[in-house]
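Structure at a glance
Single-letter residue listing:
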Amino acid sequence: MSKERVEVIIPTYNAARYWNALSTGIRAQSLKPERVIVIDSSSKDGTAELARGDGFEVLQIATEEFNHGGTRQMGAEYAADANIVIYLTQDVAPFGVNAFANLVRPFSDPEIGAAYGRQLPRENASPIEAHGRHFSYGEEPVVRSWESRREMGFKSIFFSDAFGAYRRGALMSVGGFSTDVIFGEDTVVVARMHRAGWKTAYVPDAMVRHSHDYTIAEEFRRYFDIGVLHSRESWLNDQFGSASGEGRRFVLSELKYLLGHGPLHIPSAAARTIAKYLGYKVGRRESRIAPQLKHRLGMNRQYWLR
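Quick caveat, the model's predicted, so the values are computed rather than measured.

All right, on to helix α11 (residues 244-261) then. With 18 residues, α11 extends 25 Å from end C-alpha to end C-alpha; this agrees with the ideal 26 Å at 1.5 Å per step. Buried residues of α11: F250, E254, Y257 and L258, and no others. Along α11, the residues classed as buried sweep out an arc of 95° about the axis, all on the same side. Exposed residues pointing more than 90 degrees away from the buried face of α11 are listed as R248, L252, K256, L259 and G260. Of the surrounding secondary structure, the elements contacted by the buried residues of α11 are α5 (127-136) and α12 (266-284).

This is how it looks when you write it as structure tokens:
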């Protein structure tokens, strides 16, 4: 892997409050990327200036031009000389000096098209927040492929480009990121990779700190957008199965975790579960919803922090 050209791509918007942890973590890495490309959506807090000051390359776009898939695809096209592109969100903090080196290690296997790392909860995270990361990001490495859907179902295409890397050739060979999805561009492109014969890897010793304390309303909006994705990209469920089984497993795991780590949070967790369920169900029916109501529910709202 030492001969591979690695570049980092980070979409940003008003990221100054996260910048020190993000930039310090990047600059401390044992694997030094050839370039760090920041695609900034006209921040008003000096993000672009901070990035340039650290020697990063900045591409600026209008705020309204941001699109999760389209902006990341813009980065992939700009990084034309890269073999491996690592994507980060602005609010991650690389953990340890080998996060990048460990993340790209699986690409020594020519069948690996993408890899994602482990996300640790933020320091002082709530029990609900911490459980979400522990549930989704375990300690064991996993390699998944098209055949994995038979055993794992929808979970076989779980991926996060909050801290994820792609073999650029593999990414582009399946058409790159979709520019018309409002959420889940990483899920869609990984599903296409699996279908095309590529494998993906989960790398637990490649770590970042990254988690969110969403409000109940934010949980509803987030799952509304997931429902929209599953409605519009119905082939995902057709070919990889429903995600409902994983949802039930999450609820039971969360209850068990909170009983031991924060029983007072159980009512809040229950309310969030209801909000997620309702948001998802409404999102699946988005084609029947008036445009004004879609906007209020969260559709087309861009998530900077995921």
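Let us now look at the environment of R144. Along the polypeptide, R144 turns up in strand β7 (residues 142-144). When its relative accessible area of 5% is taken as the criterion, R144 is described as buried. Put simply, R144 and K155 are eleven residues apart on the chain and 9.6 Å apart in space, counted from C-alpha to C-alpha. Within the structure, the side chain of R144 is placed 2.8 Å from the side chain of Y116, a separation counted as a polar contact.

This brings us to a nonpolar patch on the surface. Together, I274, Y277 and L278 make up an exposed nonpolar region whose accessible area comes to about 320 Å². Following the sequence through the fold, Y277 ends up in helix α12. Under the relative-accessibility criterion, Y277 is labelled exposed at 52%.

About the thresholds
- Residues numbered from 1 in each chain as written.
- Predicted model: local features only at pLDDT ≥ 70, side-chain atom pairs only at ≥ 80, totals over all residues.
- Heavy atoms only, no water.
- Helix = DSSP H or I, 4+ residues; strand = E, 2+ residues; numbered from the N terminus.
- Expected span 1.5 Å × (residues − 1).
- Buried < 20%, exposed > 50% of the residue type's maximum accessible area, 1.4 Å probe, protein only.
- Arc of directions from axis to C-beta.
- Contact = heavy atoms within 4.5 Å.
- Polar contact = N/O pair within 3.5 Å; in protein donor to acceptor, adjacent residues only side chain to side chain.
- Patch = residues over 30% accessible without salt bridge, like charges linked within 9 Å, V, L, I, M, F, W, Y side chains within 5 Å.
- Areas by Shrake-Rupley, 256 points an atom, 1.4 Å probe, with all protein chains shown as cover.
- Salt bridge = Lys/Arg side-chain N within 4 Å of Asp/Glu carboxyl O.

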